[in-house]
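Notes for the structure review
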2 protein chains.
Amino acid sequence: MTATVTGATLRRRVEPDTAARMARSVRAATGVGPRTEEVADWLAGHAAGNRFRVERIPFAGLDGRSFAADTGNLVHRSGRFFSIEGIHVTHPQGPFPEWQQPIIDQPEVGILGILVKEFDGIPHFLLQAKMEPGNPNLLQLLPTVQATRSNYSKVHRGADVKYLEYFLNPGTGSVLADVLQSEHGSWFLRKVNRNMLVEVQGDVPVAENFCWLTLGQIGELLRRDNVVNMDARTVLSCVPAGHDEDHALHPDGELRSWITGERCRHDVRVRRLPLAEVADWKRGEWSVDHVPERYFRVMAVSVEAGSREVGSWTQPLIEPLGTGVTSFVTRRFDGVPHVLAHARVEGGFADTVELAPTVQHTPGNYQHLADRPPFLDYVLGADPGRIRYEAVHSEEGGRFYHAQSRYLIVEADEAGAPAQPPPGYCWVTPGQLSSLVRHSRYVNVQARSLLACLNTASVTL
Amino acid sequence: MTATVTGATLRRRVEPDTAARMARSVRAATGVGPRTEEVADWLAGHAAGNRFRVERIPFAGLDGRSFAADTGNLVHRSGRFFSIEGIHVTHPQGPFPEWQQPIIDQPEVGILGILVKEFDGIPHFLLQAKMEPGNPNLLQLLPTVQATRSNYSKVHRGADVKYLEYFLNPGTGSVLADVLQSEHGSWFLRKVNRNMLVEVQGDVPVAENFCWLTLGQIGELLRRDNVVNMDARTVLSCVPAGHDEDHALHPDGELRSWITGERCRHDVRVRRLPLAEVADWKRGEWSVDHVPERYFRVMAVSVEAGSREVGSWTQPLIEPLGTGVTSFVTRRFDGVPHVLAHARVEGGFADTVELAPTVQHTPGNYQHLADRPPFLDYVLGADPGRIRYEAVHSEEGGRFYHAQSRYLIVEADEAGAPAQPPPGYCWVTPGQLSSLVRHSRYVNVQARSLLACLNTASVTL
């Protein structure tokens, strides 16, 4: 037998009271920070009378960025930050067996981190009000830290990133979540960010524009349009919430097997392409567009702001055409709530498919096809009494311009969404989503936004 | 509230008696199939008097494969199967900040599946004796099904793959494991195979060269050199064994956070390269070699065999130089066994690092460097009484030629392997490895081989 060492202290592999602590935060309608109404009003007022200015500019007006002579890729002169390149995708099993498109290439991993601290036994979450140029209302609530590596390694010589040290050395706190999560697979090539929840014990000075909120308060704010930004939502999807159903329509192992099967069923090949060679897309002075106009365009903006690390700058953004519809359909089976997940292929996913909402629809993408996406008509035509959750949220305002989507959770019965769904769909419980989101590349960013609403009881199924 | 539907039957998310059933199979020294000695002798005898012939040939002797005129890639005329291409890797944090190398590109996902069936309450596993050209002893025990998609979709017009239907439609049985696992990241570009354990209830006719074995029998066979092949080992690493420690040096969340941190700490960029442009490698008539000779070579063989789907063929193989050393160092902390995992970078990994054994050393790779890999000298110099497990195993004989490694599990104390190991290393329990191996890309193929030894009680820590 190996000698037993008593010097090192063992710990429980899973901390048993975390879920209960999170539940206390969900139930707390007020906390040590501002009241929920104050936050909402303050954001709205701030956005109205701000000194931020975002203007569409021609690509020629970009400072430090241009289309490379050989590839036509839209790159920064430093070779860092992000660039816009092209991909060619083949997917024989999909509605589009083959296509080419521009895509953002940003190989560096950013940090999206929320600091957590108990006050009077109730966990609070530190969010900040901040401007992002692509947000329709500019100012939203962001995570404590939202920083690319270029940000915090000072490539663009800005101010220090506040609270960064808690996330660069998470050992100083207790880590509630720390996982690489994918970003939008239709717009980003294999991009992941580090999603972190770090709980601290000691004093934390609250900087200007930062505030401590309970999960209950954040859940309330998630019911409003464009208040909690995408990066905050994805981190909140990782809250170790207590969706602990013992039973489900599909055991966990069967669910993982179904996901593996879906990954194998789709034979997706992605090849990089110089932007200049991307077929069906046309570069103009102000934008790169699909011909005919469809999906999204690449455009550029100039930004003037007071509260960012850098006061003014220019940058390209992806501008989707029209407001999307992003919805989980939900049912109870034997009293246990389930949502209908879709194993969705996106060209930028590293693992072929991820679990997406039942409907994730961008207008214009399918209009020219004979078949409408499954469940889209059900969701759009649902009786208002069946809409359990509805709010308009925007995607990351640092990369996407006015990329808004109507997020919904819509109740169904057997007629609307059968217990045996069509291929590519599977009923899962919130607890199953929660256990998958501990690992990379299972749950896509749109589904994570809706999971954040469940974690904060913005909606209770 | 959502209406409750009673039509659909819920099931437990985790089947509670699976681990106990696996434990019964581990304790079973005999089963309904051949005795362990018979299997070993039969394999040894068969290999001695076989009609298999594997001969090294020049590349010009390859049938259907040649170096493409433009890229120099070694490709099949069908555009399918696998090809040998090149990559350029940058890794500023590593011992080699930058390198180029040939690599196997095989984007299709193969199936590695073992059929499981209870006899008298004891789960048995269906293995087959089969020849692979790269195996030093040719004949080893393989999974029930070991097939590339080209195999089973008949690109090379061979015979049917036996038992394939159980894995193509896993719904006919109960799925014990089904997960995409990475292959060798030093030799394969982002390759994964589908590792499956499917349990069936009904009668299963046992074809020639197939036999039912208990986990206890397989554990006994794993103590012998070159009997259980790599593909069987990786599937066996996924057995839902009952390593259920409640306590560990690092809670599960902290372990996942450490892995995420290691993935972020290493900034690895991989770019495809035509084989003709790979620096420091020279193409000859019989092989592609590093200059000076190091790491591995690409070579070709002709094969004649009776028991394969195709009677004779030619193919390229990767031939590493020399026998490797692959070892976990193990300690007990407060009575709980741990192994020391290494967060290892390999150029072909999709997620930068995976958990590897403490030592995974190929001779020649580091000889020209000043620093020896950590723990290598400890493992090589360990007192024989501390060697808890030792056997020579080979890697996949369908792609690698005589790729042998001495697999070891070596006991240590604080002097040999401190409780606070150097950066890049972390103590984990077998149960933690088991829970990670349910998901893709956490545990590399070499560590999975050693986990298979733990799952089958080939060694008890």
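Further up the page is the structure itself.
Cut-offs applied
Residues numbered from 1 in each chain as written. Chains lettered and ligands numbered in written order. Predicted model: local features only at pLDDT ≥ 70, side-chain atom pairs only at ≥ 80, totals over all residues. Heavy atoms only, no water. Helix = DSSP H or I, 4+ residues; strand = E, 2+ residues; numbered from the N terminus. Contact = heavy atoms within 4.5 Å. Salt bridge = Lys/Arg side-chain N within 4 Å of Asp/Glu carboxyl O. Polar contact = N/O pair within 3.5 Å; in protein donor to acceptor, adjacent residues only side chain to side chain. Nonpolar A, V, L, I, M, F, W, Y, C, P; charged D, E, K, R; others polar. Buried < 20%, exposed > 50% of the residue type's maximum accessible area, 1.4 Å probe, protein only.

Right, let's get into unusual backbone geometry. A cis amide bond links Val291 of chain A to the next residue, Pro292 of chain A, at an omega of 0°. Inspection of the secondary structure assignment puts Pro292 of chain A in the loop between strand S18 (287-290) and strand S19 (296-304). Despite not being glycine, Leu138 of chain A shows a phi value in the positive range, around 60°. One can find Leu138 of chain A in the loop between strand S9 (122-131) and strand S10 (139-142). Here the phi dihedral of Asp120 of chain B falls at roughly 50°; this positive angle occurs in a residue that is not glycine. Structurally, Asp120 of chain B is set in the loop between strand S8 (110-119) and strand S9 (122-131).

A few words now on the interface of chain A and chain B. Quite often, the size of an interface is put as the accessible area lost when its parts meet. Taken residue by residue, the interface counts 62 residues in chain A and 62 residues in chain B. The interface formed by chain A and chain B includes 8 salt bridges. The residue Glu245 of chain B makes a salt bridge to Arg13 of chain A at a minimum N-O spacing of 3.1 Å. For the pair chain A and chain B, the number of links is 21 residue pairs in polar contact (both at pLDDT 80 or more). Elements with a contribution of two residues or more to the side of chain A that touches chain B: strand S1 (4-5), strand S2 (11-12), strand S12 (174-182), strand S15 (247-248), helix H7 (252-265), strand S21 (324-333), strand S22 (336-345) and helix H9 (430-436) of chain A. Sorting elements by how many residues they give to the side of chain A that touches chain B places H7 of chain A first, with 9 residues. The residue inventory of the side of chain A that touches chain B, partitioned by class, reads 20 nonpolar, 19 polar and 23 charged.

Let's shift gears to the side chain of Gln128 of chain A. Residues and elements named next belong to chain A. Along the polypeptide, Gln128 turns up in strand S9. Owing to a relative accessible area of 7%, Gln128 belongs among the buried residues under this scheme. Within the structure, the side chain of Gln128 is placed 3.1 Å from the backbone oxygen of Pro143, a separation counted as a polar contact. Side-chain polar atoms of Gln128 contact the backbone oxygen of Thr144, separated by 3.1 Å. Residues contacting Gln128, with those up to four places away along its chain left out, are Gln140, Leu141, Leu142, Pro143, Thr144, Val145, Asn209 and Phe210.

Applying the stated criterion across every chain yields a total of 56 salt bridges over all chains. The salt bridge partner of Arg223 of chain A is Glu220 of chain A, with a shortest N-O separation of 2.5 Å. Among the salt bridges present, the one from Arg406 of chain B reaches Glu390 of chain B, with a minimum N-O distance of 2.5 Å. Pair noted here: Arg406 of chain B is in strand S26 (residues 404-411) and Glu390 of chain B is in strand S25 (residues 387-394), with a separation of 16 residues, a long-range link. Judged by relative accessible area, which is 27%, Arg406 of chain B ranks as partly exposed. Owing to a relative accessible area of 39%, Glu390 of chain B belongs among the partly exposed residues under this scheme.

On to the environment of Ala8 of chain B. With respect to the secondary-structure elements, Ala8 of chain B resides in the loop between strand S1 (4-5) and strand S2 (11-12). Classification of Ala8 of chain B by relative accessible area gives buried; the value is 14%. Non-local contacts of Ala8 of chain B, meaning those with residues more than four positions away in its chain, are made with Leu249, Phe333, Asp334 and Ala419 of chain A.

It is worth stressing that arrangement in space is one thing and function is another; only the former is reported here.
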